[in-house]
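The residues making up each chain are set out below.
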Amino acid sequence: MENHELKKTLKPIHLWAIAVGMVISGQYFGWNYGFEQGGIMGLAIASLLVIVFFTCFIFSYSELSTSIPNAGGPSAYAARAMGPFGGFIAGIACLLEFVFAPPAIAVSTGAYVHFLIPAVEPVYVTIGVFVFFILINLVGMKGAALIELGATIAALIGLAIFYAAGLPHVKVENLVNANSFIGGGGGVMAAIPFAIWFFLAIEGGAMAAEEVKNPKRDIPRGFISGILTLTTATLLTLFVTAGLGGGIGKPADYPLPQALGSVYGEGSWLAMSVAIIGLFGLIASLHGIIIGYSRQTYALARAGYFPQFLAKLNSKSVPVWGLIVPGAIGVICAGSADFANALILLAVFGAVVMYCLSMISLFILRVKEPNMERPFKVAFPVIPAIALILGLLFLYCVIRYSLMTTSLPLFGMNVPLWGVVVVIFAVAVLYYLVRVKPADAPAGESTVLD
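The structure presented is a predicted model; accordingly, all values stated were derived computationally and were not measured.

Asks: How should I be thinking about the overall build of the protein in this particular structure?
Replies: Helix and strand content of the protein: 15 helices and 2 strands. Computed over its C-alpha atoms, the radius of gyration of the protein comes to 21 Å, within 12% of the 22 Å expected for a compact globule of 450 residues. A buried classification covers 61% of the 450 residues belonging to the protein. Nonlocal contacts in the protein, meaning residues at least 24 apart in sequence, comprise 84% of its contacts between residues at least 6 apart. Working note: accessible area of the protein is about 16400 Å², and carbon and sulfur atoms make up 69% of it. Each charge class in the protein can be summarised by its mean position, and for the 22 positive and 20 negative side chains these summaries are 7 Å apart.

Asks: Mind showing me how you'd approach a nonpolar patch on the surface here?
Replies: A contiguous nonpolar surface patch, about 330 Å² in accessible area, is contributed by Phe309, Trp321, Ile324 and Val325. Here Phe309 shows up in the loop between helix H11 (269-302) and helix H12 (320-333). Judged by its relative accessible area of 37%, Phe309 is partly exposed.

Asks: Help me understand the packing of helix H2 (residues 34-67) against helix H14 (residues 382-403) in this model?
Replies: Between two packed helices, what matters for the description is the angle formed by their axes and the separation of those axes. Two numbers describe how H2 lies on H14: the axes approach to 8 Å, and their chain directions differ by 130°. Of the possible angle classes, the one that applies to H2 and H14 is oblique. The hand of the H2/H14 crossing is left-handed. Every residue of H14 that contacts H2 at Leu49, Val50, Val52, Phe53, Cys56, Phe57, Phe59 and Ser60 is listed here: Ile383, Pro384, Ile386, Ala387, Leu390, Gly391 and Phe394. Counted by class, the contact of H2 with H14 contains 13 nonpolar, 2 polar and no charged residues.

Asks: What am I meant to see in the packing of aromatic side chains here?
Replies: Two measures describe an aromatic ring pair: the distance that separates the ring centres and the angle between the ring planes. In total, this model carries 28 aromatic pairs according to the counting rule given. Between Phe115 and Tyr254, the aromatic rings sit 4.7 Å apart at their centres with planes inclined by 35°, giving tilted as the arrangement. Linking Phe115 in helix H4 (residues 84-116) with Tyr254 in the loop between helix H9 (215-243) and helix H10 (255-264), this pair joins segments that are 139 residues apart in sequence. Residue classification places Phe115 among the buried residues on the basis of a relative accessible area of 11%. For Tyr254, a relative accessible area of 23% puts it in the partly exposed group. Through a chain of ring-to-ring contacts, three or more aromatic side chains come together here, namely Phe53, Phe54, Phe57, Tyr61, Tyr77, Phe199, Phe223, Tyr355 and Phe394. A cation over an aromatic ring shows up here: Arg400 above the ring of Tyr401, its NZ or CZ 4.8 Å from the ring centre.

Asks: Mind showing me how you'd approach the nonpolar core here?
Replies: Generally speaking, soluble globular proteins have nonpolar side chains that are buried together. If you look at the biggest cluster of nonpolar residues, it comprises 159 residues, and the most contacted ones within it are Phe54 and Trp197. A total of 19 residues in this core trace back to one element, the largest contributor, which is H4. Setting aside its immediate chain neighbours within four residues, Phe54 contacts Ile196, Phe199, Ile202, Ile227 and Tyr355.

Asks: How should I be thinking about H2 in this particular structure?
Replies: Since there are 3.6 residues in each turn of an α-helix, residues three or four apart along the chain are aligned in direction. With 34 residues, H2 should reach 50 Å at 1.5 Å per residue; the first-to-last C-alpha distance of 36 Å falls well below that figure. The largest bend along H2 reaches roughly 90° and is located at Ile40.

Asks: How should I be thinking about the pattern of salt bridges in this particular structure?
Replies: Opposite charge on two side chains permits them to pair, given that their charged atoms come into close proximity. In the structure shown here, the tally under the stated rule is 3 salt bridges. One salt bridge connects Arg374 with Glu63, and the closest N-O pair in it is separated by 3.4 Å. Of this pair, Arg374 sits in the loop between helix H13 (340-368) and H14 while Glu63 sits in helix H2, placing them 311 residues apart in sequence. An identical accessibility class is assigned to Arg374 and Glu63; each is buried. Arg80 serves as the salt-bridge partner of Glu369, at 3.0 Å between the closest nitrogen and oxygen. Separated by 289 residues along the polypeptide, Glu369 in the loop between H13 and H14 and Arg80 in helix H3 (residues 74-82) bring together distant segments of the chain.

Parameters and conventions
- Residues numbered from 1 in each chain as written.
- Predicted model: local features only at pLDDT ≥ 70, side-chain atom pairs only at ≥ 80, totals over all residues.
- Heavy atoms only, no water.
- Helix = DSSP H or I, 4+ residues; strand = E, 2+ residues; numbered from the N terminus.
- Rg over C-alpha atoms; globule rule 2.2 N^0.38 Å.
- Buried < 20%, exposed > 50% of the residue type's maximum accessible area, 1.4 Å probe, protein only.
- Contact = heavy atoms within 4.5 Å.
- Areas by Shrake-Rupley, 256 points an atom, 1.4 Å probe, with all protein chains shown as cover.
- Lys, Arg positive; Asp, Glu negative; His and termini not counted.
- Charge placed at Lys NZ, Arg CZ, Asp CG, Glu CD.
- Patch = residues over 30% accessible without salt bridge, like charges linked within 9 Å, V, L, I, M, F, W, Y side chains within 5 Å.
- Salt bridge = Lys/Arg side-chain N within 4 Å of Asp/Glu carboxyl O.
- Axes fitted to C-alpha atoms, helices over the stretch in contact; angles between N-to-C directions.
- Parallel < 35°, antiparallel > 145°, perpendicular 65-115°, else oblique.
- Left-handed = near helix turned anticlockwise from the far one by under 90°.
- Nonpolar A, V, L, I, M, F, W, Y, C, P; charged D, E, K, R; others polar.
- Phe/Tyr/Trp six-rings, centres within 6.5 Å; stacked < 30°, edge-to-face > 60°.
- Lys NZ or Arg CZ within 6 Å of the ring centre and 35° of its normal.
- Core = buried A, V, L, I, M, F, W, Y, C linked by side-chain atoms within 4.5 Å.
- Expected span 1.5 Å × (residues − 1).
- Bend = angle between axes of the 7 residues up to and from the residue.

Shown next, in the form of structure tokens:
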């Protein structure tokens, strides 16, 4: 008989490390592209809206993840609420986020290494580090979680050094100038996709829910401590980077060492130290999101959405093919630094669709299954309603200001990003109609996991 059960090895500290680690690279790069869209003040307002959203979302998500501790995460919640097709669409949206975020992170890793060692070709680092952490994930969840914990703590130490070194040199004129507020309300909305990057993938901790020793108690602890950590870091990172002049000029893929370099010199030990430690932040997120996409792929295959070979586990209870197949797609995407901005936007779009579907699932389940065991209950309906309203606003912003205005360079052509999204979902729906035969038990039923 084939092994389809994941091992319960994780404690709250591991879940905190996975949740924060998946996101921590968002402090080190990606978000700063929002300076071009809304200016410093526009990005700051967008970030405050995003903080409100994620605070409300993560409390609501904690109710779902403790009620249905399933490796499928959002796909399991949507399947329980809306049936197999709803679960499939939520799973595809989640994979869009978790498959396209790692190559963007890997590209930035190459850029950081190139900053430290200019002679090194970034693309080789990008692909090499991606492949290396796919292989590292084969060691099993407990070992992977310990690596994630170490990398996350190192990344937070790097941020602390950045804040301590940068705060004394923050200048008001860098925060308030002619370019600090670009485009008014439209600039704020255009900056939202990049502000989301500060928190993108925090929900991925739910995909480790089946591997948590006491999910009903420990998942809320891990999530809530994670959101508090990231909110504090987001406010400080934005303030210090902008105050050092990081909001002026063309955004770099290494904004923190660049900002420190403007004060201490590019070759200073402080700038170089933050760049070196920043690699741990990028590694933590790359490693954590690889964990996330492998568990999501595994759960979708186990539920009958994807071919069953993707649900096979090795002797360490790792979904090997669920790790390797999406990883191969990511490695291909990571081959060009020109893709980085578009990959970020594709990941953000998938995430926001999944966030909205998860909040809709919560509302449906409150009506459909009022007696479901809910070890953690969010303040209903106010908190999830705020999350859903802001989520729908963010979805509009991502489509209107990102997908409709950005192209992906493919085969010598600039393909509109909205077209890429349409093709992905069209192929997915066609596959569902032709090939999918969901398992007898809905993907959200806990009986599948016992």
